[in-house]
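This is what each chain is made of:
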Amino acid sequence: MSKDTIGVGLIGSGFMGKAHALAWNSVGPVFGDAPRVRLLHLGDAGEELAARKAREFGFERASGDWRKVIADPEVDVVSITTPNKFHLEMANAALTAGKHVWCEKPMAPTLADAEMMLAAARASGKVAVLGYNYIQNPLIRHIRRLLDEGAIGPVNHVRIEMDEDFMADPEAPFQQRHEAANGWGAIDDFAVHPLSLIAILFGKVARVMCDMSKPYPTRKTADGDRDVEVYDIATILLRLENGASGYIAASRTAWGRKGRIAIQIFGAKGTIAFDQERMNEFQLYVTSDRPTEHGFRSIISAPHHPPYDRFCPAPGHSLGFNDLKTIECRQLIGRIVGEDSVGITFEDGIFIERTVAAAGRSFQEGRWMEVE
Ligand SMILES: NC(=O)c1ccc[n+]([C@@H]2O[C@H](COP(=O)([O-])OP(=O)(O)OC[C@H]3O[C@@H](n4cnc5c(N)ncnc54)[C@H](O)[C@@H]3O)[C@@H](O)[C@H]2O)c1
């Protein structure tokens with residue numbers, strides 16, 4: 001990487017590939033203080049798809065073979081936005097080639113794979129960060145500040161529910177998210193996001209007790225029904241290392257829920273409530289208010305919740321999902337140039353993977369499991 005230009009490679013151009021491309025395109029104009037970004041090489045499965053997406057996203061070259069993105073000498077950092085089962089091979093190849101990596105969550109379908117990714121990151125000395133965008137919400141940062149200041153006192157209980165309905169229809173066809181090769185299902189796909197929020201807000205999980213279920217055991221394919229190999233619903237009871245109790249509930253089959261990540265944090269002197277479906281506000285209840293005015297107040301995102309100010313000078317005009325990716329991208333660049341940064345690196349992500357592995361074993365063995 002030259003002092004003032006970062007060469008970017010992108011593997012995968014689906015939902016998250018586009019989110020990364022938008023972030024790489026907008027990080028310069030939004031923040032104004034980042035090194036120049038050069039969108040160099042996009043790889044996807046197939047030359048035609050890669051060439052079309054490179055044109056749409058603004059990349060200079062395209063390849064139907066992801067290895068060519070990694071071999072490109074001008075690429076400094078590789079965004080990996082392919083299904084989970086490819087993360088190990090692609091991340092390790094990029095790190096071994098001396099590239100920084102921005103890999104979508106979760107790290108990998110198994111803890112053993114994730115440990116290999118961590119080993120590769122350590123051996124390379126390169127920056128390796130995971131795509132846990134929800135922790136980048138300026139309001140989540142503000143909630144963290146309020147917790148640090150003791151605004152609601154010591155926290156004793158945390159609940160996070162993450163629900164969507166994109167698999168709620170029993171007739172919805174089989175897709176790669178139903179393959180065991182990509183992990184457990186709702187835990188890897190969803191519960192890791194609440195776990196990233198817990199990591200940023202509170203620290204580590206000490207032990208878990210998990211139940212999972214599969215409401216629709218077969219799904220349609222062009223060649224007939226196929227067994228669903230994973231679980232679309234998971235409930236995880238938690239005990240955090242700081243002593244607080246809590247739970248995570250995750251469902252991909254929750255009709256009516258579109259992008260819900262409902263967080264409730266209960267402390268000795270108040271409560272904080274947030275929902276990603278209304279990501280520009282949160283609710284605060286503090287016992288220090290006069291009893292005659294006790295009640296939840298709504299706090300709306302505004303320029304005094306940085307880095308909201310980098311996007312918009314006016315309060316209440318709302319950031320969106322893709323803006324979280326742009327903030328994540330700026331944090332990644334900051335880490336590359338040696339600044340203090342907010343993010344879940346492979347070093348941090350391994351604790352999420354250990355919690356996932358403990359939840360899987362807890363479900364299989366029907367008992368509480370320590371997170372190793
Ligand atoms: N951070 C988030 O909020 C979030 C949201 C959704 C998905 N994800 C994660 O992003 C990853 C991708 O999910 P998605 O929803 O974008 O999937 P997607 O199906 O929309 O996109 C996957 C892309 O990878 C490409 N691909 C598949 N095999 C490939 C190969 N061998 N070589 C090159 N490209 C290949 C596909 O063609 C496609 O462009 C998953 O790990 C998922 O967990 C994260």
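Residues numbered from 1 in each chain as written. Predicted model: local features only at pLDDT ≥ 70, side-chain atom pairs only at ≥ 80, totals over all residues.

**Observations regarding the pairing of strand β14 (residues 270–275)**
Here's step 1: The side-chain alternation of β14 yields one buried face, formed by Gly 270, Ile 272 and Phe 274, and one unburied face, formed by Thr 271, Ala 273 and Asp 275.
Here's step 2: Counting the residues that bridge the hairpin from strand β13 (residues 260–267) to β14 gives two residues.
Here's step 3: Of the pairings in the sheet, the one linking β14 to strand β15 (residues 281–286) comprises five bridges and is antiparallel in character. Residue pairing for β15: Phe 274 is matched across the bridge by Phe 282.
Here's step 4: Between the antiparallel neighbours β14 and β15 lie five residues. (Buried ≥ 20, exposed ≤ 12 C-beta atoms within 10 Å, placed from the backbone. Helix = DSSP H or I, 4+ residues; strand = E, 2+ residues; numbered from the N terminus. Pairing = 2+ DSSP bridges.)

**Things to note about the sheet that holds strand β6 (residues 128–130)**
Here's step 1: As summarised here, the arrangement of the seven strands in space is β3-β2-β1-β4-β5-β6-β17, forming an open sheet in which the pairing is mixed. Of all strands in the sheet, those with a lone pairing partner are β3 (61–63) and β17 (344–345), marking the two edges.
Here's step 2: Sitting on the sheet, helix α1 (residues 15–31) touches β1 (5–11), β2 (36–43), β4 (77–80) and β5 (100–103), and the angle it makes with β2 is about 160°. (Contact = placed C-beta atoms within 7 Å. Axes fitted to C-alpha atoms, helices over the stretch in contact; angles between N-to-C directions.)

**Notes on the domain arrangement of the protein**
Here's step 1: The domain architecture assigned to the protein consists of domain 1 (5–133) and domain 2 (134–370).
Here's step 2: A straight line from the C-alpha centre of domain 1 to that of domain 2 covers 23 Å.
Here's step 3: Facing the 35 residues of domain 1 at the interface are 36 residues of domain 2.
Here's step 4: Elements supplying a minimum of two residues to the side of domain 1 that touches domain 2: α1, β5, α5 (111–124) and β6.
Here's step 5: Ranked by residues supplied to the side of domain 1 that touches domain 2, first place goes to α1 with nine residues. (Domains from an automatic or database assignment.)

**Overview of the site of the ligand**
Here's step 1: Every one of the 21 residues lining the ligand counts as a neighbour, but Gly 12, Gly 14, Phe 15, Met 16 and Glu 104 are closest to it.
Here's step 2: With three residues, the single largest contributor to the shell around the ligand is α1.
Here's step 3: When grouped by side-chain class, the residues that make up the shell around the ligand number seven nonpolar, 10 polar and four charged. (Near = placed C-beta within 6 Å. Nonpolar A, V, L, I, M, F, W, Y, C, P; charged D, E, K, R; others polar.)

**Overview of the sheet that holds strand β18 (residues 369–370)**
Here's step 1: Ordered in space as β16-β15-β14-β13-β7-β12-β11-β8-β18, the nine strands form an open sheet in which the pairing is mixed. Of all strands in the sheet, those with a lone pairing partner are β16 (297–300) and β18, marking the two edges.
Here's step 2: Bridge count between strand β8 (residues 205–213) and β18: two bridges; the pairing is antiparallel. Within the sheet, the bridge partner assigned to Arg 207 lies in β18 and is Glu 370.
Here's step 3: Together, β8, β11 (233–240) and β18 form the strand contacts of helix α10 (residues 346–365), whose direction differs from that of β8 by roughly 50°.

**Description of helix α4 (residues 87–96)**
Here's step 1: Judged by how many residues are buried, α4 sits mostly within the fold: seven of 10 residues are covered.
Here's step 2: Three or more residues of α4 are buried, namely His 87, Leu 88, Met 90, Ala 91, Ala 93, Ala 94 and Leu 95.
Here's step 3: Phi turns positive one or two residues past the end of α4, at Gly 98, with a value near 85°.

**Quick look at the packing of helix α6 (residues 138–148) against helix α7 (residues 186–201)**
Here's step 1: Following both chains from N to C, one finds α6 and α7 inclined at 40°, their axes separated by 10 Å at the closest point. Considering their axes alone, α6 and α7 lie oblique with respect to each other. Considering the relative orientation of α6 and α7, their crossing is right-handed. For the pair α6 and α7, contact is made by Ile 140, Ile 143, Arg 144 and Leu 147 and by Leu 197, Ile 200 and Leu 201, respectively.
Here's step 2: Looking at the contact of α6 with α7, its residues break down into six nonpolar, no polar and one charged. (Parallel < 35°, antiparallel > 145°, perpendicular 65-115°, else oblique. Left-handed = near helix turned anticlockwise from the far one by under 90°.)

**Quick word on the packing of α7 against α10**
Here's step 1: Between α7 and α10, the least distance of the axes is 10 Å, while the angle of their chain directions is 125°. Comparing the axis directions of α7 and α10 gives the class oblique. For the pair α7 and α10, the sense of crossing is right-handed. Side by side, α7 and α10 meet where Ile 187, Asp 188, Val 192, Leu 195, Ser 196 and Ala 199 of the first sit next to Asp 348, Phe 351, Ile 352, Thr 355, Val 356 and Ala 359 of the second.
Here's step 2: Looking at the contact of α7 with α10 residue by residue, the class counts come to eight nonpolar, two polar and two charged.

**Observations regarding unusual backbone geometry**
Here's step 1: For the bond running from Lys 105 to Pro 106, omega is -15°, close enough to zero to count as cis.
Here's step 2: Summarising the element assignment, Pro 106 is placed in the loop between β5 and α5.
Here's step 3: In this structure, Pro 307 follows Pro 306 across a cis peptide bond, with omega equal to 5°.
Here's step 4: Residue position: Pro 307 is located in the loop between β16 and α8 (308–311).
Here's step 5: Phi angles above zero are rare outside glycine, and Ser 318 is one such case at about 75°.
Here's step 6: Position of Ser 318 relative to the elements: it lies in the loop between α8 and α9 (321–336).

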